[in-house]
Amino acid sequence: MTVEITSHEELRDLLGAPMPRAAVKERQVLHDRDRQWLAAAPFCLVATAGADGTCDVSPKGDPPGFALVLGDTTIAIPERPGNRRADGYRNILDNPHVGLIFLIPGRTDTLRINGRARLVRDAPFFDDLVVRGHRPVLAIVVEIEQIFYHCAKAFLRSELWRPETWQPDALPSRARLIKEVEAPAESLADLERYYGPEYERRIYG
């Protein structure tokens, strides 16, 4: 029998009260250590939700320090050429609330930032976001409302950073997955060429 949780009280009774340190760790202003973390992080996840509750989580990655600190409570995340679905960006236009998780490879803790976002198509700080000669298509500017570090337990349980646990060949190649799951008109050979060595050379345009 499935037993569903339907109230905040039931959830709290099941999980218990948060540890005192966890309950008070939220901040609104970037600490020097937060700035150092952002300078070292090459990857983050951006979570958004539309006005109708439709959710999206999009990965963003660039050389370390790609998330630019604009002030004590403001950061900017550049957009690079992608698949043009813009799911998260359309959500931001309807609902500015975003959740970010910044990862540093090998670190089992993460930096989390929640706040309100807006989309900017150009600004003087875009000059600081140029990579390989390419300016970003747009940037997400996030006004920080909550910032805190998240513990390592999920990474330790998953053994995410232990190479001996990695199984990249457990599933077929990206091209074969697309051909089998999405059934595009392109042949498998064409898809393999598209996602071959040239793919990495095209990531900035």
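See the structure above.
Residues numbered from 1 in each chain as written. Predicted model: local features only at pLDDT ≥ 70, side-chain atom pairs only at ≥ 80, totals over all residues. Heavy atoms only, no water.

A word on the overall build of the protein chain. What the protein chain contains, in helices and strands, is eight helices and seven strands. Across the 205 residues in the protein chain, those meeting the buried criterion constitute 32%. By sequence separation, contacts in the protein chain at least 24 residues apart represent 64% of the contacts at least 6 residues apart. Accessible surface, the protein chain: about 13700 Å² in total, of which carbon and sulfur atoms supply 54%. (Helix = DSSP H or I, 4+ residues; strand = E, 2+ residues; numbered from the N terminus. Buried < 20%, exposed > 50% of the residue type's maximum accessible area, 1.4 Å probe, protein only. Contact = heavy atoms within 4.5 Å. Areas by Shrake-Rupley, 256 points an atom, 1.4 Å probe, with all protein chains shown as cover.)

On to the side chain of Thr-110, then. Residue position: Thr-110 is located in strand E6 (residues 110-120). Leave out the neighbours within four places in its chain, and Thr-110 touches Trp-37, Ile-101, Phe-102, Leu-103, Phe-148, Tyr-149, His-150 and Phe-155.

Turning to the sheet that holds strand E3 (residues 68-71), a few remarks are in order. Pairing is antiparallel in the open sheet, where seven strands are placed in the order E2-E1-E5-E6-E7-E4-E3. Every other strand in the sheet has two partners, leaving strand E2 (55-61) and E3 as the edge strands with one partner each. On average, each strand axis in the sheet is tilted by 35° relative to the strand beside it, whichever way the strands run. When strand E1 (residues 43-49) meets strand E5 (residues 97-103), the two strands line up antiparallel, connected through six bridges. By the bridge assignment for E5, Ala-47 is matched with Gly-99. (Pairing = 2+ DSSP bridges. Axes fitted to C-alpha atoms, helices over the stretch in contact; angles between N-to-C directions.)

What follows is about unusual backbone geometry. Within the chain, Arg-84 stands out as a residue other than glycine whose phi angle is a positive 70°. Judged by relative accessible area, which is 80%, Arg-84 ranks as exposed. Even without glycine at this site, Ala-183 takes up a positive phi of about 50°. With a relative accessible area of 59%, Ala-183 lands in the exposed category.

To continue, consider the packing of aromatic side chains. Taken as a whole and judged by the stated rule, the model has six aromatic pairs. Taken together, a centroid distance of 5.3 Å and an interplanar angle of 55° make the contact between Phe-125 and Phe-126 tilted. Phe-125 sits in the buried class, given a relative accessible area of 15%. Residue Phe-126 is classed as buried on the basis of its relative accessible area, which comes to 0%. An aromatic cluster is defined as three or more aromatic residues linked by ring pairs; in this entry it consists of Tyr-194, Tyr-195 and Tyr-199. Arg-202 extends its terminal NZ or CZ atom over the ring of Tyr-194, reaching a point 4.5 Å from the ring centre. (Phe/Tyr/Trp six-rings, centres within 6.5 Å; stacked < 30°, edge-to-face > 60°. Lys NZ or Arg CZ within 6 Å of the ring centre and 35° of its normal.)

Another point: the environment of Glu-198. Relative to the helices and strands, Glu-198 is located in helix H8 (residues 197-201). Polar side-chain contacts of Glu-198 include one of 2.7 Å to the side chain of Arg-201. (Polar contact = N/O pair within 3.5 Å; in protein donor to acceptor, adjacent residues only side chain to side chain.)

In terms of burial, E5 is a largely internal element, five of the seven residues being buried. Relative to E6, E5 runs antiparallel, the two being bridged by six bridges. Following the sheet pairing, Gly-99 is matched in E6 by Asn-114. With antiparallel pairing between neighbouring strands as the criterion, E5 and E6 make up a hairpin whose turn holds six residues, including Gly-106 at a positive phi of roughly 90°.

Quick look at the environment of His-31 now. Residue placement: His-31 occurs in the loop between helix H2 (20-23) and helix H3 (32-40). Linking His-31 and Thr-73, residues 42 residues apart in sequence, is a C-alpha distance of 9.8 Å.

Next up on the list: the pattern of salt bridges. Scanning all chains against the criterion turns up 14 salt bridges. As a salt-bridge pair, Glu-79 and Lys-60 come within 2.9 Å of each other at their nearest N and O atoms. Of this pair, Glu-79 sits in strand E4 (residues 74-79) while Lys-60 sits in strand E2, and the two are 19 residues apart along the sequence. By the burial criterion, Glu-79 is buried, and Lys-60 matches it. For the salt bridge of Arg-135 with Asp-122, the shortest nitrogen-to-oxygen distance reads 2.6 Å. Highlighted residues: Arg-135 in the loop between E6 and strand E7 (138-150) and Asp-122 in the loop between E6 and E7, separated in sequence by 13 residues. (Salt bridge = Lys/Arg side-chain N within 4 Å of Asp/Glu carboxyl O.)

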